[in-house]
Structures are given as structure tokens and as C-alpha cells.
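Overview (structure and organization)
In case you want the letters, here they are:
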Amino acid sequence: MSTEAMTNWRSIFGHDEPYDEQIDGIETAIDTADSGGYTVIEGACGTGKTMIALTAGIDRVRDPNSPYERVFVLTSVKQQLRQFETDLERINEHLPDEWDPVSGLTLVGKSDVCPYNREGAGGITDENVYDRCETLRERTRGLSGEGGSTTAATLTSQARSHQVGLADSGFPTGSSGNEGGGVSERDDHQPHSPRATHTRGRFLETAGETSPYSRSIPAYDDGGPAGSEVEFCPFYAQYLEDLPDEGSEGDALEAVPFDVTSTGLLTTEDLVSHSVRHGTCPHSVMGAVLSHVEVVIGNYYHAFDPLTTAAFTGALLDESTFLVCDEAHMLEPRVRDLVSDGVTETTLRDGETELSRVLQPVRFAQDGRETQGGSKTADADLVRGELQETDVSIEELERTLEFIQDLRGELDRRIRAHLERTHPGWQSDLTALDDAEIPLRDPTEPTPDAISTWATERGYSDAIWVRAEAVGAVVERILNEAEDEEKTRALPAIGRLLGAWYRRDHTTNFREIELERTWDEMEPADSWRRAYTARMTVHNCVPSDAIGSRLAAFGGGILMSATLEPMDAFTEVTGLEYLASEEDRPVVERRYGLHFPAENRESFAVSLPKFTYGNRGSPGEETETRRLYADALESVAGLPGNVLVGMPSYGEAEWAADVLEERLEGEKPVLLDTSSSDGETQSLKDEFFAGEGKVLVTSLRGTLTEGVDYSGDRLTAAAICGVPIVNTASPRTKAVRRAYDDAFGDGFRYALTVPAVRKARQAIGRVIRGPEDVGVRLLLDERYARESWDSVRDLLPNSDAFQPVSPDMLEYGLERFRRRCEISDSV
């Protein structure tokens, strides 16, 4: 590496002096990226991984001889997203005075940036913001585009002048009479009511800025009869007006009302503030600047979700992008979910209704009858006209409707049969039902699924599956045209699922019916639909191809986490090994351990009996294994300060909380985390951090053991009970294990054991977050402590750091640590 390159990255680095690990990490990442490769970093807390990644990536982007144009950061944890924002701001603060700031953008959804939704105005809410946005955009384009009755400039001008009239008079003004048309306002609480007078004469304000428009959605009136006004979005109209050629996307950056190169990090509030001040659409502006900023910060959806990449972030997915994948230990499970597919039985029912609504006017016209509330030919003509523009026929619509009706009947039959088999008399007590899976093949044998076989036996050809996507698209277009509203319809999702169901193999994919426990009082008292939401799903068991092919699209970059070991398993399941061996792209590994003072921490692997169901029994049983774990947890909970207890499931967390409540007898509060909303989890976390020491018991499948900052005196100890392997009796788990057997040779290790140990390591990693932190890390299960056929000790990097101790020596070890670190009750 040249001296010039080394000097450049040091000018970008956001601190006075880098750690040795950071120097090595940055220079390795730069060299590897220059060769089109990836650097894979396992770095303990305190390594400064975010600064390594940003510095290396920005150095490549700022180098005029480099092919990289931007850094694309992906992270699955909100706290880590904020860390990237903070580090980027720190980099800008430390740049040489003569340098432009590094431009950056954090990607968010429409609900976060829509001015109306943010302020609860215009009848737009979190529930309808996406559909309402698309409808208003489509209508705005229709009014101002080719063949429209007005222009974008007229729409925004009249929306602004109408608001001025409101501000001056305090009550609604009339039409401004431009080109024979004008703008009226619709009341916030009656967004679809024609000519509704609007009761608030004030500007829409958000993100600390006042927009030039009213809180109500404006409607364009071309002088037609009452009810003919067309709603539009003035923010989007302004964006269209600012484009070089009205109504075209052109060079969209010209529609951005501020200089991207001088803003530095564009936070969500900044984006909304700058856009609203100018009266333009924040979401459109975000899309316009997306490929022009130097750092884009998003989540896994933005790179791996097929719908998101097709609609929004596709421009980033090429060799000019330096990829940073943070929390990369979550890459495999998150992408597995994103590239799997499914629809609920309710969605199938809605799709059936949509097809019926399209076919009904055609049937009525053929019979010489009128459709309800309209002429006998208008709707039928619309359907026939739309079909003429496609290769979809009326007969295909009829056959698809018949198939969906039969499919719903088959799903109902299978669900009832399952319940009769597993819960005889289930209709007498629906509340006793739990979540369930109905496999459609033996999960250990890759054979065709039962639904595919059923369809063939019923005489449904391959075409019904293959053509479903085309049918869904045309039905959506017909209904949106008929209702003059852009809505998300059910049939396109059904079409995507049926297409995937047909195309995907039976070795790496698994098809099943999922029954999720819900409750719907509107369903009959003896119907399974009252207790369940049923979902027809095809799971991608081995997402390595999907991950690897997407990683191959980028120029290179960094994948990093505190818990990636064993590296060979990680590179195999993410497709990196294929990139290295088949595409000759380098994959370089780096490992950086915990470098905080060793005397500030103690780490124990306690040789308790394996915390498996066979040993512990159900939570209600008083087994010897449970007694030993209860003793150990009581000892750990007695430490001063906050203690985190991680259990394999929420059910086991409830057991541990009950035991500690009983044994501690009120000496220390015990908090129990349950599967709950984000708000409830945040409240529980705030309660845990406030005041005197407490015990927080949670599931290792929850959100409190990863991505949460427990630095300082927030946490004294973390105890992990058992190896949190997912339920091995689950049909889906069996299918994943079999698929991993075929792909990698040892399905149990790759699919179950390695992810479980990473979960445990993430949880104990909450204790020591800085050089001044002191605490105890405990892994309670003999599989962490001893070498045996099912030992996981070899999956612990630097396993010698975790001192094996017997249960009777644990209290001695804890007491020794108390004395050595002089932990007091005031911690």
C-alpha cells in the first residue's frame, strides 16, 4: 500500500489515534476491496468496528482512482444504525478544513417522512400511508402529466395560494380560478368526502418547519359537477415541478432543494425539514439523493428483500458500492426470512373476492344483466379493455378463481384434520390451542409436497401456477382503475407465492401450513379461524445462494460482528466461500479479541447438567436439574447491581423469574421480559436501568440480549442457561437441518448449534462494554465447560477465558470476584 493511501485514511479516521486493531482492519479492508473482495471481521466490543468500516469505505470512495462511488451500510439493529450515524458525524468533525463533509443518508419508510402521516393530518395514518401515498401520487401524475387537465406548477401554486387565503381569513377560501379549475380542501376527518369544508385554517408543520400547505389534502376542481374534484399531493406536485422535464424522472437530483454535497449526514429530521421548507416530497427527495450520497445507511431489507430492491434501492446494487454488513451473524437467518414467501388464508379469501369482482360484470354483460349500481357495459368494457392490453384471458381469470376456491377448501380440510388428530374435541375450547405447523411433506425427505400433488390430481396444470403472477398484476390494475385508487391488492402476493411454490425445488425449500395463534371474535365460535391465522408458506432453508449472489453484485466490502466464529461455517453459509473459490474474489478473515483490562471481568463455564428438556422436564416439574440451576441463578442474582438472566425460551424465562422471586424474597426486584411490543420492551429496559440493582430475566430469542447498550454500571453480570438451540421437533427445523446436511455435511452443527452459541455469546457480551466496566459472564451448562460428543466449547473463541467450574465452586468464584473488584451495593 502506498504512503499516500495510508495518509488519506488517517485524515478520514474520526479519532486522534487508532487502535492497532483498527489500523490492521482498515488497511486490510482497503487492500481487499481493491481486489474486489470482502474482509470478514470478528471484533469484540471496543474494537471500533464501525469506525474501521466507515474509514475504509470512505477512503475508497474519496480516492479518485477507485471504482467505488458509495458506502452502503446494512445493520439489523437500530442501536447500531445510530452508532454508524454518530461515527459518520465524528468523521466529518475531524476532516481537514479544506475537505467537503462526507455526505450520508439514513433510509427510512414512507411513514417516517410523509408530512401528513407524521402529524396525523389529511386522514393519513400508519395503517394506510403506503396505499394513500401511491393513490395521491398516481392522481397527481394523472392531473399534471401527458393528457392531464393541468400542470404540477398550477397544482402547487393553487395549493399555496389557498393556504395563504386560509391564513389571512381564518376560513376556507374559494377557488382561485386558474385555467378554469381550482383547489379545494378536504377535512382531515373526511378525506374522501367531496367538497368537504376544512375546519383548520393553518399550515401543516413538521420537523420544526412550516410547510406552505394546509393540514388537509387538497383537491383539484376543474369546474365539473360536485364530487368530481380529484385529490392530489401538493408535496409530490412540487417534486414533479422541480424535475427537469415535468412528469419525467430525468436527473432527479435537480429536484432536490439543497446541496447534497454540503449537508454531511442527512438524518430523517433533516430530510423532512429541508424538503418541507421547500414544499416538496421528502420520500421522493430521499430516492433522488440515494445514489448520489457517499454513505447510505439502511437495513437488510434494502439489499436482500426482492420487493424493496426492485422498487427503491436497486441503483445501489452494483460494483460501484462498497458494502458494510454489520451484525453479520444475523445475515443468514434474516435473509432466510426475506427470501421465503407465504400468504395467509385471509389473503386467499381476499384474492377470491377480487377475482369475483372483476369477473362479475363480464358475466352479467354476457347474461344481459346490469351490474349493481351501474350500466351493464361500463365495467365489462373496462375489464375487456385491460385484458386486451395483456396476454391474460377471461378463461384464465375463471380458472384461477376456481383454483383459489379449491385451494382454500383443501387448506381448511387439512387444518381440521390436523386439529382432530392433535386436539380431539378442539372446538369445545379454542383457547387451549397453540401455534402449530402442518408439514406438507416429510421434513427429513425432500419429496414433492402434498398441495402440489393434490393440485395435479385435481387436474390443475402447471400453467395455473406459472400464470398466477400475470393474473394478479392485471386484476390489481383493473380494480385500481375502476376505483381510481392505488391500493395494495391481495392477488399479486398470491401470484408471487404460487409462482415460487411451483418454481422452487424440494431439497432446499420446505412447504407447510403455519397456524399462528390469534383471536377474531367475528369468526364463528366453532371455527378454527377464530383462534388461528393460517399461512401457506414456502421456506428457503438454505439462503447461501441468495446471500452469495447478492454479495457478488457489490464491488467488495466488510462483513463484521462480535460473534462470527467459527469462520469456516460463516463463509460457507453466506456464500463467501463460493466467491473465493469460484470467482477468485479474496475473502480475508480478521479476529480481534476483547482488549479491556482482564482484571475487570470474570468468566465461568459452570458444569451443570445439560439444560435440555430431557433433563429438566417441563417448568412445572421439580427435577434435580432445575434445582441445580435455581441454586446457581440465586447465587448470581445475589451479586450487587443489575443481573441479566438469559433463558432458551420465554416459557423457561417465566420459570426462572418465578424461582428467583421466591428465593430472593423481595431482596432484589425481579423483572420478566415477555414477547411484547417495542414500547413495552423499552419501558421494561428503562425500569431495569433506573434505581437500585435488579434481575432481568428474558429469552435469548428476544430483543434484550442483542444490540442493547448495558455500558457503565447498567449490568454487573449475565448468566446464560443452556445452549439455546431452537425446537428440534419443529418440522421446519427438521427440514432446515436436512437441507444443511445435503449442502454442508453437518446440518445439526451448521443450522442449529453454531447459531445457538452465537446467541449465547451475544448475550454475555452485554456485560463488558468499555474499559471501566466490571462484571461476571457465566455460561451455565456442562456443554460449555467440558469436551464431549455434544460439547460446544470448541465454538467459544478463546475458550480458555471461560474457567470451567463445578456448581459447588461457583459461589466461591463469585465471592472471589466481589473481593477483587470491590463491588459494593452502590454499583
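What counts, and where the lines are drawn
Residues numbered from 1 in each chain as written. Predicted model: local features only at pLDDT ≥ 70, side-chain atom pairs only at ≥ 80, totals over all residues. Heavy atoms only, no water. Helix = DSSP H or I, 4+ residues; strand = E, 2+ residues; numbered from the N terminus. Rg over C-alpha atoms; globule rule 2.2 N^0.38 Å. Buried < 20%, exposed > 50% of the residue type's maximum accessible area, 1.4 Å probe, protein only. Contact = heavy atoms within 4.5 Å. Areas by Shrake-Rupley, 256 points an atom, 1.4 Å probe, with all protein chains shown as cover. Lys, Arg positive; Asp, Glu negative; His and termini not counted. Charge placed at Lys NZ, Arg CZ, Asp CG, Glu CD. Pairing = 2+ DSSP bridges. pLDDT = per-residue confidence, 0-100. Axes fitted to C-alpha atoms, helices over the stretch in contact; angles between N-to-C directions. Parallel < 35°, antiparallel > 145°, perpendicular 65-115°, else oblique. Left-handed = near helix turned anticlockwise from the far one by under 90°. Nonpolar A, V, L, I, M, F, W, Y, C, P; charged D, E, K, R; others polar. Core = buried A, V, L, I, M, F, W, Y, C linked by side-chain atoms within 4.5 Å. Phe/Tyr/Trp six-rings, centres within 6.5 Å; stacked < 30°, edge-to-face > 60°. Lys NZ or Arg CZ within 6 Å of the ring centre and 35° of its normal. Patch = residues over 30% accessible without salt bridge, like charges linked within 9 Å, V, L, I, M, F, W, Y side chains within 5 Å. Salt bridge = Lys/Arg side-chain N within 4 Å of Asp/Glu carboxyl O.

**Overview of the overall build of the protein chain**
- A tally of regular secondary structure across the protein chain gives 33 helices and 24 strands.
- For 827 residues, the compact-globule estimate of 2.2 N^0.38 gives 28 Å, and the C-alpha radius of gyration of the protein chain, at 30 Å, lies within 12% of that figure.
- Referenced to the eigenvectors of the C-alpha coordinate spread, the extents of the protein chain come out at roughly 90 × 75 × 60 Å.
- The buried share among the 827 residues of the protein chain stands at 54%.
- Within the protein chain, contacts between residues at least 6 apart in sequence are counted, and of these 76% link residues at least 24 apart.
- Counting every atom, the protein chain has about 34,600 Å² of accessible surface; 45% of that belongs to carbon and sulfur.
- Placing the 82 positive and 149 negative side-chain charges of the protein chain at their respective mean positions leaves the two points 4 Å apart.

**Overview of the sheet that holds strand β11 (residues 321-325)**
- Read across the open sheet, the 8 strands follow the order β9-β3-β10-β2-β11-β16-β1-β17; overall the sheet is parallel. The open sheet has two free edges, formed respectively by β9 (265-266) and β17 (587-592), since each of these has just one partner strand.
- With 5 bridges connecting them, strand β2 (residues 70-74) and β11 associate as parallel partners. Paired with Leu 74 across the strands is Cys 325, a residue of β11.

**Brief notes about the confidence of the model for the protein chain**
- When pLDDT is averaged along the protein chain, the result is 89, and 92% of the positions lie at 70 or above.
- In the model, residues 1-7 has pLDDT below 50 throughout and makes 6 contacts with residues more than four positions away in sequence or in other chains.
- In the predicted structure, residues 823-827 sits below a pLDDT of 50 and forms 10 contacts with residues beyond four places in sequence or in another chain.

**Remarks on the packing of helix α10 (residues 268-278) against helix α11 (residues 282-289)**
- At a minimum axis separation of 9 Å, α10 and α11 run at an interaxial angle of 115°. Between α10 and α11, the angle falls in the class roughly perpendicular. Where α10 crosses over α11, the two elements pack in a sense that is right-handed. Only Pro 282, Val 285 and Met 286 of α11 make contact with α10, whose side of the interface consists of Leu 271, Val 272, Ser 275 and Val 276.
- Of the residues contributing to the contact of α10 with α11, the split by class is 6 nonpolar, 1 polar and no charged.

**Some remarks on the nonpolar core**
- Of all hydrophobic cores here, the largest spans 69 residues; its most connected members are Phe 72, Tyr 116, Phe 304 and Leu 559.
- For this core, the leading source of residues is helix α9 (residues 234-242), giving 5 residues.
- Sequence-distant contacts of Phe 304, that is, excluding residues within four places in its chain, are made with Leu 74, Thr 309, Leu 331, Val 335, Leu 338, Val 339, Ala 546, Ile 547 and Arg 550.
- Within the second largest apolar cluster, 52 residues are counted, among which are Leu 419, Ala 450, Val 475 and Val 538.

**Remarks on the packing of helix α27 (residues 624-637) against helix α28 (residues 650-664)**
- Relative to each other, α27 and α28 sit at 65°, their axes nearing to 10 Å. Our pair here, α27 against α28, has a crossing hand that is right-handed. Where α27 approaches α28, its residues Arg 626, Arg 627, Tyr 629, Ala 630, Asp 631, Leu 633, Glu 634 and Ala 637 are matched on the opposing element by Glu 652, Trp 655, Ala 656, Val 659, Leu 660, Arg 663 and Leu 664.
- Each residue belonging to the contact of α27 with α28 can be placed in one class, and the counts come to 9 nonpolar, no polar and 6 charged.

**Some remarks on the packing of aromatic side chains**
- Counting across every chain of the model gives 17 aromatic pairs.
- Note on Trp 9 and Phe 13: the rings are 6.1 Å apart at their centroids and 80° apart in plane angle, and the pair reads as edge-to-face.
- Relative accessible area serves as the criterion here: at 0%, Trp 9 is assigned to the buried category.
- Here Tyr 213 and Phe 235 contribute two aromatic rings whose centre-to-centre distance is 4.9 Å and whose plane-to-plane angle is 85°, an arrangement assigned as edge-to-face. Here Tyr 213, found in strand β6 (residues 209-214), pairs with Phe 235, found in helix α9; they are 22 residues apart in sequence, far enough to count as distant.
- Grouped by ring-pair contacts, the aromatic residues Phe 403, Trp 454, Tyr 460 and Trp 465 constitute a single cluster.
- The aromatic ring of Trp 501 is capped on one face by Arg 511, whose charged end is 5.7 Å from the ring centroid.
- Above the face of the Phe 689 ring, Arg 714 is positioned so that its terminal group lies 4.4 Å from the ring centre.

**A short note on the environment of Gly 122**
- Inspection of the secondary structure assignment puts Gly 122 in the loop between α6 (115-118) and α7 (129-144).
- Given a relative accessible area of 1%, Gly 122 falls into the buried group.
- For Gly 122 and Pro 807, which are 685 residues apart along the polypeptide, the C-alpha to C-alpha distance reads 63 Å.

**Points about a negative patch on the surface**
- There is a patch of like negative charges on the surface, built from Glu 622, Glu 654, Asp 658, Glu 661, Glu 662, Glu 665 and Glu 667.
- By the secondary structure assignment, Glu 661 is in helix α28.
- For Glu 661, a relative accessible area of 44% translates into the label partly exposed.

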